Amino acid sequence: GDEGCTAHPYSNLIEGLKDGQIKFFNPQKLDDPRYDKLPLSIRVLLEAAIRNCDGFYTKEEDVENILDWQQQQNKAEVVFTPARVLLQDFTGIPAMVDLAAMRDAVAKHGVDPSLVNPKCPTDLVVDHSLQIDYSKCAIQNTPNPGGGVGSNHSQNPSRPAPSRPLSRGSQCGGQQGSCSKAACSDLPASSGRPGGSVQQIENTPLLCPFHLQPVSETETALKNQEMELSRNKERLQFFKWCSNTFKNVNVVPPDVGAVHQVNLEHLSRVVQVTDGFIYPDSVVGTDSHTTMVNGLGILGWGVGGIESEAVMLGQPVPLALPQVVGCKLVGSINPLTTSIDIVLGITKHLRQAAIAGRFVEFFGPGVSQLSAPDRTTIANMCPEYNATVSFFPIDQVTLKHFKKTSDQEKLDLMESYLKAVKIFRSYEDPSEDPQYSEQVIEINLSSMVPQVSGPKRPQDRVAVSSMKEDFQSCLDEKVGFKGFHISKEKQDIRIPFLHCGEEYQLVHGSVVIASVISCTNNCNPSAMLTAGLLAKKAVEAGLVVRPYIQTSLAPGVGMVTHYLNTSGVLPYFSQLGFEVIGYGCATCVGNTSPLPEPVVDAIKQGDLVACGVLSGNRHFEGRLCACVRANYLASPPLVVAYALAGTVAINFEQEPLGVTSEGKEVYLRDIWPSREEVRETEEDTIISSIFKDLRQRIEKGNMFWSNIECPDSVVFPWDHKSTYIRSPSFFKVPAPQSIENAHVLLFLGNNVTTDHISPAGSIARVSAAAKYLLSKRLTPREFNSYGARRGNDAVMTRGTFASIKLQNRFIGKAGPKTLHIPSGQTVDVFEAAERYQKEGIPLIILAGKDYGSGNSRDWVAKGPYLLGVRAVIAESFEKLHKNQLVGMGIMPLQFLPEQNADSLGLSGKEKFTLAMPDSLSPRQQLTVKTSDAKSFAVTAMFDSEIDVIIFRHGGHLRYVARTFL
């Protein structure tokens, strides 16, 4: 630690900033030429190892190994102490419950319980899942207009009136009386209420953010609201108690985070200052979106509940020193290419390069063309290509982005610190490029040309520049995946028709449906913003969309709504005929009307290949209309462009989109918004407004949150009637000792996953957990899921091995049952464990290969521990799960190579004895003896001395509790 710096092994590296008021460890003072060659993500690991070097968790050997990364990558095991931990509520509950129980345990020994706090700063984001995850009722499906609050008159001074008749079904409606869309238009676009679920609880209607009409809710949702509040109250009270009582815990209350990502970003600091020391921000988290912060130059990745709890308690994260793949971006971006084209293009390249489990670090002159939101989106996608992180070192773009949240003085301090320790980059300067692992992936951004998919299958990609020729070849080709086989003489046919008293003509390739849909895989908010700015410039240039084209805009929820409202582009969308549909208010839903009859008749008369252009992926299979034979998926701005052109058979370079009423030709390049324009609107208008909004909400606090009463005691007053939060009994079980005459609780095969060990889904009505909840007078409708009841050890212990897919060799068929060996009865796993505990018999598990693979779950080790399992003997372990077992005081024992339960002739019905030596060491061989006089050797799977010490104390929790005693 930083206290007592005189004794710190690296105190000679300490330097000062701001006339010595702020100190930092400067790895450059090692005067080691290897430092300048290290990837910047590894420099962050090195700084953390130097600063936290205590000789116990982090040793000087770790520092040397990281510095020698070129030789040690993929070989050395090192540790990483992140600057903070990020929990979302579901995983946060068990971690905080354990800390509260630890306070009870130390208080019983006469120690001041207020000393028990997380050692590592912890952010707990209470997400909406808290309010909607219980009864999977309609509340789950009501959209969350997660957008602005307050008035936006300034952005939208004059909303142009629609230039064409409103399409059918465009009355806002429902029981509350109705209004036309135009009548809504004077209201500020974003005065829809923020967030979704808290208002549900306060019993106010959810408003559609576009028409300000209540969104219809089903009866079940309303019936459930009262229950929701009473049910969540105790969890929210507990969270509030945590935020008031524990030091180092910051709870972000529900409904403050307009958007999850913004929340993560709001908590991000780039650098942290603690006890007068400045150092890089870094994070591990249980949230699936944790990796997005690497886009801002903050090193971070996702870990399981048990690992994050260990970090909170002061333990570093163990990791094999990773290989770092350099990803070099060169070339300049094509003007028509949207952010999402680039993100998906880069993701596709990385998916093709086998980089599982490695760090990816971006470099090269192309990186500075990517905005901060582009970078965070790419970083957020890293699970798609199995990298641990996708790291973008900090540069001027990152600093500019943080101007939204930091004052200039902080930014100056940040910049001078980052430059002093060389964690700051200028991407244009190749002399700063580090040396990466053998592999460098070069991606040329100019090769990412805008594409559309179609006309029949989403996997058939067509470059926009060759769209005209491609459509012509589709007409020529035989009927197949792409062809329509239209004979030459019929290809130039024109069919006139009347629409609203005007005459129009349809030809092959005419666009009759254009739908801008915000859909996760084809759209990010900036693509929708590009489409909106294009619509604005088209209106200003005097272009119109032909009124027979069925146009629609489905903004989706959350971020996109905020983007469209704040930037003031919505009125321009509607002026081109793109009216909002698909939100959940009566207006929004009623707009998927069929094509006008004259259009359908004209298509049939000429046997025309008419086109639909969409930016979602939903309409591919069940196409919107049987008479529309060609459907293309395109980015939102291209949907607007093809709607303006009225045809897909166009070469945007050479042909105008349209002609104004004055006869002037307008080309797509004339009105296409530049990346700078989009970035500027995004950074200056939208992101500032989101952060401002978020700051206001956090300062103002949330009525609902501030009205929750919570106890102000130092130890938590557990409610014995509670079925959600209970004090767990981890501290009552004695520390590990020799195992004598243990029975086998379960005899398992290969590939037992964490889902088998600790299922997360709903609680089956015939399960042990159900019996317990029924005994507490709950009805099956109130059972909820295992995930929601993670704060109750009685439910989670009963849910351990409760998977209906569990293959137990004692039983011979799948199911959550086992054999109680002394009586020969087949019973629930929990019931068998309970009987063994009453008889004082210790338990072990026999398993095959890859025991504990799958997602990390916090109860996969806690559950077996509370069932009385003292060791697991398996052919091999998933590494993460093996660490979790050690962290709970369960011994992971591995059969010797080529041996397993079958080769040793074990039936699983024997009794097993294992003598624990006085001095255990990592990977030590131990002998197991059975009641039928067999004996065999196993390897104790401890990786380090720390593992042995933690195990000897009975796991992390008891180890940390003992440090307080």
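Since we're looking at a predicted model, the values are computed, not measured.

S.K.: Would you mind going over unusual backbone geometry with me for this structure?
M.R.: Cis geometry marks the peptide bond from Gly454 to Pro455, where omega comes out at 5°. By the secondary structure assignment, Pro455 is in the loop between strand S18 (451–453) and strand S19 (461–463). Phi is positive for Asp275, which is not a glycine, with a value near 50°. By the element assignment, Asp275 lies in the loop between strand S9 (271–274) and strand S10 (277–280). You can call Asp275 exposed: its relative accessible area is 59%.

S.K.: What exactly am I supposed to notice about the confidence of the model for the protein here?
M.R.: For residues with low pLDDT, the predicted coordinates do not support detailed interpretation. For the protein, the mean per-residue pLDDT works out to 83, and 83% of the residues sit at or above 70. This model gives residues 128–204 a pLDDT under 50, and the stretch forms 180 contacts once residues within four places in sequence are excluded. Low pLDDT, under 50, characterises residues 618–622; the predicted model gives this stretch 12 contacts beyond four residues in sequence or across chains.

S.K.: I would appreciate a short explanation of the side chain of Thr530 in the present structure.
M.R.: Secondary-structure assignment places Thr530 in helix H16 (residues 525–540). What Thr530 contacts, discounting residues up to four positions off in sequence, is Pro637, Trp672, Pro673 and Val678.

S.K.: Any chance you could explain the side chain of Ser552 here in plain terms?
M.R.: If you trace the backbone, Ser552 turns up in strand S23 (residues 550–554). At 2.9 Å, the side chain of Ser552 forms a polar contact with the side chain of Ser515. Those residues in contact with Ser552 that lie beyond four places of it in its chain are Ala514, Ser515, Val516, Phe578, Glu579 and Ile581.

S.K.: Mind showing me how you'd approach the pattern of salt bridges here?
M.R.: Opposite charge on two side chains permits them to pair, given that their charged atoms come into close proximity. This structure, assessed with the given rule, holds 31 salt bridges. Note that Lys537 is salt-bridged to Glu677, the shortest N-O span being 3.2 Å. Note that Lys537 is positioned in helix H16 and Glu677 in helix H23 (residues 675–700), a separation of 140 residues in sequence. When the shortest N-O distance is used, the salt bridge between Lys882 and Asp943 registers 2.6 Å. Of this pair, Lys882 sits in helix H30 (residues 879–888) while Asp943 sits in the loop between strand S36 (935–940) and helix H31 (945–952); the two residues are 61 residues apart in sequence, bridging distant segments of the chain. Within the structure, one salt-bridge network assembled from shared partners comprises Asp32, Arg34, Glu64 and Asp68.

S.K.: Help me understand the packing of helix H11 (residues 339–352) against helix H12 (residues 372–380), please; the structure alone is not making it clear to me.
M.R.: Packed helices, taken two at a time, are described by their axes: the angle between them and the distance between them. In contact at an axis separation of 10 Å, H11 and H12 are set at 35° when each is read in the N-to-C sense. The way H11 lies across H12 gives a crossing that is right-handed. Mapping the contact onto sequence places Ser339, Val343 and Ile346 in H11 and Asp374, Thr377 and Ile378 in H12. For the contact of H11 with H12, the class distribution of residues is 3 nonpolar, 2 polar and 1 charged.

S.K.: Looking at this structure, I do not really get the nonpolar core. What am I missing?
M.R.: Burial of nonpolar side chains together is a common tendency in soluble globular proteins. Counting 186 residues, the largest nonpolar core has Phe238, Trp301, Leu745, Phe801, Tyr851 and Met891 as the members making the most contacts within it. Ranked by residue count, the leading element in this core is helix H4 (residues 89–108), at 11 residues. Excluding residues within four positions of it along the chain, Phe238 makes contact with Ile93, Met96, Val97, Ala100, Phe716 and Ile725. Formed by 81 residues, the second largest nonpolar core is a distinct cluster that contains Leu564, Leu614, Ala634 and Leu638.

S.K.: How should the sheet that holds strand S28 (residues 739–747) be read in this particular structure?
M.R.: Backbone hydrogen bonds are what pair the strands of a sheet, in a parallel or an antiparallel way. Spatially, the 7 strands close up into a barrel ordered S28-S31-S32-S33-S36-S35-S34, and their pairing is mixed. Across this sheet, the average inter-strand angle for adjacent strands is 40°, counted without regard to direction. Judged from the 3 bridges that link them, strand S33 (residues 891–895) and S36 form a sheet pairing that is antiparallel. The residue bridging Gln894 from the neighbouring strand is Thr939, located in S36. Running at roughly 170° to S28, helix H28 (residues 829–838) makes contact with S28 and strand S31 (843–846) of the sheet.

Criteria and cut-off values
Residues numbered from 1 in each chain as written. Predicted model: local features only at pLDDT ≥ 70, side-chain atom pairs only at ≥ 80, totals over all residues. Heavy atoms only, no water. Helix = DSSP H or I, 4+ residues; strand = E, 2+ residues; numbered from the N terminus. Buried < 20%, exposed > 50% of the residue type's maximum accessible area, 1.4 Å probe, protein only. pLDDT = per-residue confidence, 0-100. Contact = heavy atoms within 4.5 Å. Polar contact = N/O pair within 3.5 Å; in protein donor to acceptor, adjacent residues only side chain to side chain. Salt bridge = Lys/Arg side-chain N within 4 Å of Asp/Glu carboxyl O. Axes fitted to C-alpha atoms, helices over the stretch in contact; angles between N-to-C directions. Left-handed = near helix turned anticlockwise from the far one by under 90°. Nonpolar A, V, L, I, M, F, W, Y, C, P; charged D, E, K, R; others polar. Core = buried A, V, L, I, M, F, W, Y, C linked by side-chain atoms within 4.5 Å. Pairing = 2+ DSSP bridges.

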